[in-house]
Amino acid sequence: MTRRLTGFQPTGHLHLGNLIGAMRPLVAAQDRPSIAMIADLHALTVEHDPQQLRANTLQVATVLLAAGVDPERTAIIANSQVPEHAELHYLLESATGYGEAARMIQFKEKSAGNKGVRLSLLTYPVLMAADILVHDIDQVPVGDDQNQHLELARTVATRFNARYGETFTVPEGIRPENAARIMDLSDPARKMSKSAPSAAGRIGLLDPPEVIRRTITRAVTDTVGVVRDDAGNQPGVTNLLAILRACADREPGPLTSYGALKREVTDAVEAVLGPIRARYAELSEDPGHVRKILADGRARVQPRAAETVRRARTALGLLD
Ligand code: ATP
């Protein structure tokens with residue numbers, strides 16, 4: 001059966017886009033072997049606060065559970081806690097060109113004008129390749145922003161296999177089922193993102209109801225005044241419609257005003273996030289439980305990861 005891996009960076013507050021674009025597809029596909037990976041090692045590629053990172057990692061794990069990821073079926077891991085990720089990362093560097101890494105759009109964007117660029121930002125996609133290859137993953141649901149990195153993972157795996165002998169499963173990128181891309185409510189040309197400088201257009205998964213209402217009420221629309229699904233001319237309205245469809249699976253009435261549409265969207269979002277918030281509050285009372293789930297996830301995936309690293313070491317000519 002195909003094996004899937006979905007990754008989340010613990011770089012800030014998870015938002016509605018993460019839920020609709022990644023967590024719900026993950027929950028819907030739990031009949032197949034899946035791994036939900038918190039990429040805490042990737043969070044070290046940019047300026048970070050250690051205490052905040054620890055808190056964010058636990059928060060992502062807790063939100064995954066609150067959103068319905070079932071740890072009995074889906075292994076939830078932090079990539080730092082499975083050392084095979086870091087070991088394979090280094091081994092894969094022997095099959096990756098400097099030019100290939102330096103060409104990545106995300107590296108160019110995040111390093112432009114930044115004097116303190118970390119070496120790990122350059123090798124970020126090689127670590128991502130290791131995250132995937134170490135678990136023999138067949139399918140990786142990816143958004144557009146990670147397409148180029150996934151292609152590099154495929155190239156590196158194929159090259160390694162050709163040069164050193166069949167070692168890795170070459171993963172395929174897939175579009176998550178029913179996963180709309182959610183845009184920023186204050187700037188619908190940009191995707192909703194954890195790391196956006198302003199939180200004004202972001203619906204956090206743990207935002208209280210009044211914050212959700214305020215964020216949606218202030219969402220950018222336009223002066224057309226008529227609700228239409230026309231991303232070219234009405235990107236803000238189209239985004240609200242996408243949220244309504246994703247959260248309540250319905251269309252607004254034909255004469256809906258922008259105000260009425262926003263009220264409908266607010267109710268639909270609250271109906272989805274209210275139960276997640278409540279479950280999160282319950283789970284947060286016992287952080288030991290969440291840590292145990294991560295330890296169980298690690299124990300579950302480690303034998304296969306160790307076996308993959310062993311194959312790679314042998315293929316490269318390293319001693320047992
Ligand atoms: P960052 O801003 O730190 O890059 P992010 O918000 O883009 O973070 P990631 O942790 O990189 O989130 O992505 C986690 C998952 O959520 C990925 O599968 C990604 O494709 C998906 N995702 C992220 N943003 C959106 C969005 N706005 N709409 C739909 N899916 C999204």
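Where an unreviewed UniProt entry is consulted, the protein chain appears under the name Tryptophan--tRNA ligase, with the organism given as Paractinoplanes aksuensis. UniProt annotates the protein chain under Sequence similarities (unreviewed entry) with the comment "Belongs to the class-I aminoacyl-tRNA synthetase family."

A. Expanded view of the pattern of salt bridges. In this structure the tally under the stated criterion is 17 salt bridges. Asp-145 is the partner of Lys-191 in a salt bridge, and the nearest nitrogen-oxygen pair spans 3.8 Å. Taken together, the positions of Lys-191 in the loop between strand 5 (172–174) and helix 8 (209–217) and Asp-145 in helix 7 (residues 144–164) put the pair 46 residues apart, joining distant regions of the chain. Arg-250 serves as the salt-bridge partner of Glu-264, at 2.4 Å between the closest nitrogen and oxygen. Placement of the pair is Glu-264 in helix 10 (residues 258–284) and Arg-250 in the loop between helix 9 (235–248) and helix 10, with a sequence separation of 14 residues.

B. Looking closely at the environment of Ser-34. The topology assignment puts Ser-34 in strand 2 (residues 34–38). Sequence separation between Ser-34 and Ile-76 is 42 residues, and the spatial gap between their C-alpha atoms is 8.8 Å. Not counting residues within four places of it along the chain, the set of residues in contact with Ser-34 comprises Arg-4, Leu-26, Ala-29, Arg-73, Thr-74 and Ala-75.

C. Quick look at the site of the ligand. Taken together, 18 residues surround the ligand, and among them Ile-182, Lys-191, Ser-193, Lys-194 and Ser-195 come closest. At 3.0 Å from an oxygen atom of the ligand is found a main-chain nitrogen or oxygen belonging to Gln-9. Residue Ser-195 places a side-chain N or O atom 2.5 Å away from an oxygen atom belonging to the ligand. Burial of the ligand by the protein amounts to 90% of the accessible area it has alone, namely 600 Å². Of all elements in the fold, only strand 1 (4–8) and helix 1 (16–28) reach the threshold of two or more residues within the shell around the ligand. Of the residues forming the shell around the ligand, the biggest block, 4 residues, is contributed by helix 1.

D. Looking closely at the pairing of strand 3 (residues 74–78). Most of strand 3 sits inside the fold, with 5 of its 5 residues counted as buried. Burial of the side chains of strand 3 extends over both faces: Thr-74, Ile-76 and Ala-78 are buried on one face and Ala-75 and Ile-77 on the other. With 5 bridges joining them, strand 2 and strand 3 adopt parallel strand pairing. The residue bridging Met-37 from the neighbouring strand is Ile-77, located in strand 3. Following the chain from strand 2 across helix 2 (residues 50–66) to the adjacent parallel strand 3, one finds a crossover that is right-handed.

E. Inspection of the pairing of strand 2 at higher detail. Counting buried positions over the 5 residues of strand 2 gives 5, a clear majority of the element. Of the two faces of strand 2, the one lined by Ser-34, Ala-36 and Ile-38 and the one lined by Ile-35 and Met-37 are each fully buried. Between the parallel pair strand 1 and strand 2, the chain is carried across by helix 1, and the sense of this crossover is right-handed.

F. Up close: the environment of Leu-53. The residue Leu-53 is located in helix 2 in this model. Owing to a relative accessible area of 13%, Leu-53 belongs among the buried residues under this scheme. Once residues lying within four places of it in the same chain are set aside, the contact partners of Leu-53 are Pro-10, Asp-40, Ala-43, Leu-44 and His-48.

G. Up close: the packing of aromatic side chains. In total, this model carries 2 aromatic pairs according to the counting rule given. The structure contains a cluster of three or more aromatic residues connected by ring pairs, namely Phe-160, Tyr-164 and Phe-168.

H. Broad picture of the domain arrangement of the protein chain. The assigned domain composition of the protein chain is domain 1 (4–179 + 287–316) and domain 2 (182–284). Domain 1 and domain 2 are separated by 28 Å when their C-alpha centres are compared. Listed as interface residues are 23 residues of domain 1 and, on the opposing side, 21 residues of domain 2. A combined buried area of about 1,800 Å² lies between domain 1 and domain 2, and 72% of that area is made up of carbon and sulfur atoms. By the criterion of area lost to domain 2, the three top residues of domain 1 are His-15, Leu-16 and Ala-66, representing 32% of everything that side buries. The interface formed by domain 1 and domain 2 holds 7 residue pairs in polar contact (both at pLDDT 80 or more) in total. When residues of the side of domain 1 that touches domain 2 are traced back to their parent elements, those giving at least two are helix 1, helix 2 and helix 11 (287–316). Ranked by the residues each element gives to the side of domain 1 that touches domain 2, the list is headed by helix 1, at 7 residues. Taken together, the residues of the side of domain 1 that touches domain 2 sort by class into 11 nonpolar, 10 polar and 2 charged.

Parameters at a glance
Residues numbered from 1 in each chain as written. Predicted model: local features only at pLDDT ≥ 70, side-chain atom pairs only at ≥ 80, totals over all residues. Heavy atoms only, no water. UniProt positions renumbered as here; feature names shortened; annotations may be inferred. Salt bridge = Lys/Arg side-chain N within 4 Å of Asp/Glu carboxyl O. Helix = DSSP H or I, 4+ residues; strand = E, 2+ residues; numbered from the N terminus. Contact = heavy atoms within 4.5 Å. Near = heavy atom within 4 Å. Polar contact = N/O pair within 3.5 Å; in protein donor to acceptor, adjacent residues only side chain to side chain. Areas by Shrake-Rupley, 256 points an atom, 1.4 Å probe, with all protein chains shown as cover. Buried < 20%, exposed > 50% of the residue type's maximum accessible area, 1.4 Å probe, protein only. Pairing = 2+ DSSP bridges. Right-handed = clockwise from strand over helix to strand, strands pointing away. Phe/Tyr/Trp six-rings, centres within 6.5 Å; stacked < 30°, edge-to-face > 60°. Domains from an automatic or database assignment. Buried area = accessible area lost by both parts, 1.4 Å probe. Nonpolar A, V, L, I, M, F, W, Y, C, P; charged D, E, K, R; others polar.

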